[in-house]
Amino acid sequence: SGPKEADPSLFAIGGVGIAPGKHCPQEAVQLATELAQIIGSKPYFLDPIEHDGMVAATVGLPILMGLSLMRVASTSSSWDDMRHLTNTAFALAVSPMAADPDDIRDVLLRNRENLLHYLKAAVAQLDQMRELIENGEDGILEAVLIEAAQDYRHWWDGREIGQWEPKTALREMPRLEAGILGNLGRFFTKLTTRRTDEEEEE
């Protein structure tokens, strides 16, 4: 870190989100646009409310997931021994905890409505993964992992070259077999139906 590590291409082929308020002067928007272009990034515009929703998923939710993992591990009775076996994956996942706790608290609470929306979605995903693992659904679990790997590859390829194509444009990995997709669809349909019936009984 420091001036000696400065890289003039740091922001090259990146993206700069510009979310001007309703009464933001046009001159300020133009200045932000030109600044983004000067540093080699591509400016894109979005509504402030839309921005807050996206940030909840890309900033707030990863913080919560890292916080949850850190607490699950550190409150375990095996933590004293477990910490000797932590690796890069663990370190990256809990890295948000290196930030100032006050700053993290503000990030979570100031955007709570959007964050709660994505938190509920994350909990639902974890519940689905738990059921797949409990039931030993190896084929369906593999299909879910393949699809997630495809989405990761699409995102990462786009990020590296600065081209945000539609979801299917950059995908090079094999698509899921129809049979697997059928099983996956039936599983989630069954899961959703069962939960709906349980809620109605309550």
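Residues numbered from 1 in each chain as written. Predicted model: local features only at pLDDT ≥ 70, side-chain atom pairs only at ≥ 80, totals over all residues. Heavy atoms only, no water.

> Can you help me understand the overall build of the protein in this one?
Regarding its fold elements, the protein presents eight helices and two strands. Going from N to C terminus, the protein has its helices and strands arranged as β-α-β-α-α-α-α-α-α-α. Burial analysis of the protein (202 residues in total) assigns 21% to the buried set. When contacts within the protein are restricted to residue pairs at least 6 apart in sequence, those whose partners lie at least 24 apart make up 67%. (Helix = DSSP H or I, 4+ residues; strand = E, 2+ residues; numbered from the N terminus. Buried < 20%, exposed > 50% of the residue type's maximum accessible area, 1.4 Å probe, protein only. Contact = heavy atoms within 4.5 Å.)

> Just to check I follow, could you spell out the packing of helix H2 (residues 48–74) against helix H5 (residues 101–110) for this structure?
Two quantities define a packed helix pair, namely the angle between the axes and the distance from one axis to the other. One can describe the packing of H2 onto H5 by two numbers: an axis separation of 10 Å at closest approach and a directional angle of 120 degrees. Accordingly, the angle class assigned to the pair H2 and H5 is oblique. Relative to H5, the crossing made by H2 is left-handed. Between H2, through Val59, Gly60, Ile63 and Leu64, and H5, the contact on the second element is made entirely by Ile104, Val107 and Leu108. Split into classes, the residues belonging to the contact of H2 with H5 amount to six nonpolar, one polar and no charged. (Axes fitted to C-alpha atoms, helices over the stretch in contact; angles between N-to-C directions. Parallel < 35°, antiparallel > 145°, perpendicular 65-115°, else oblique. Left-handed = near helix turned anticlockwise from the far one by under 90°. Nonpolar A, V, L, I, M, F, W, Y, C, P; charged D, E, K, R; others polar.)

> Just checking my understanding: could you explain the packing of H2 against helix H6 (residues 112–134) for this structure?
Their axes nearest at 8 Å, the elements H2 and H6 cross at an angle of 55 degrees. If you check the angle between H2 and H6, you find them oblique. Handedness of the crossing formed by H2 with H6: right-handed. Facing H2, whose interface residues are Asp52, Gly53, Ala56, Ala57, Gly60, Leu61, Leu64 and Met65, H6 presents Asn114, Leu115, Tyr118, Leu119, Ala122 and Leu126.

> So what exactly am I meant to see when it comes to the pattern of salt bridges here?
Two side chains of opposite charge can pair, provided their charged atoms sit close to one another. If you walk through the whole model with that rule in mind, you get five salt bridges. When the shortest N-O distance is used, the salt bridge between Arg105 and Asp106 registers 3.2 Å. Under the relative-accessibility criterion, Arg105 is labelled partly exposed at 42%. We classify Asp106 as partly exposed; its relative accessible area is 22%. With a closest N to O distance of 3.2 Å, Arg153 and Asp157 form a salt bridge. In this pair, Arg153 and Asp157 are both assigned in helix H7 (residues 138–161), four residues apart and thus about one turn of the helix distant. With relative accessibility at 31%, the residue Arg153 sits in the partly exposed group. When its relative accessible area of 15% is taken as the criterion, Asp157 is described as buried. One salt-bridge network, held together by shared partners, links Asp102, Arg105, Asp106 and Arg110. (Salt bridge = Lys/Arg side-chain N within 4 Å of Asp/Glu carboxyl O.)

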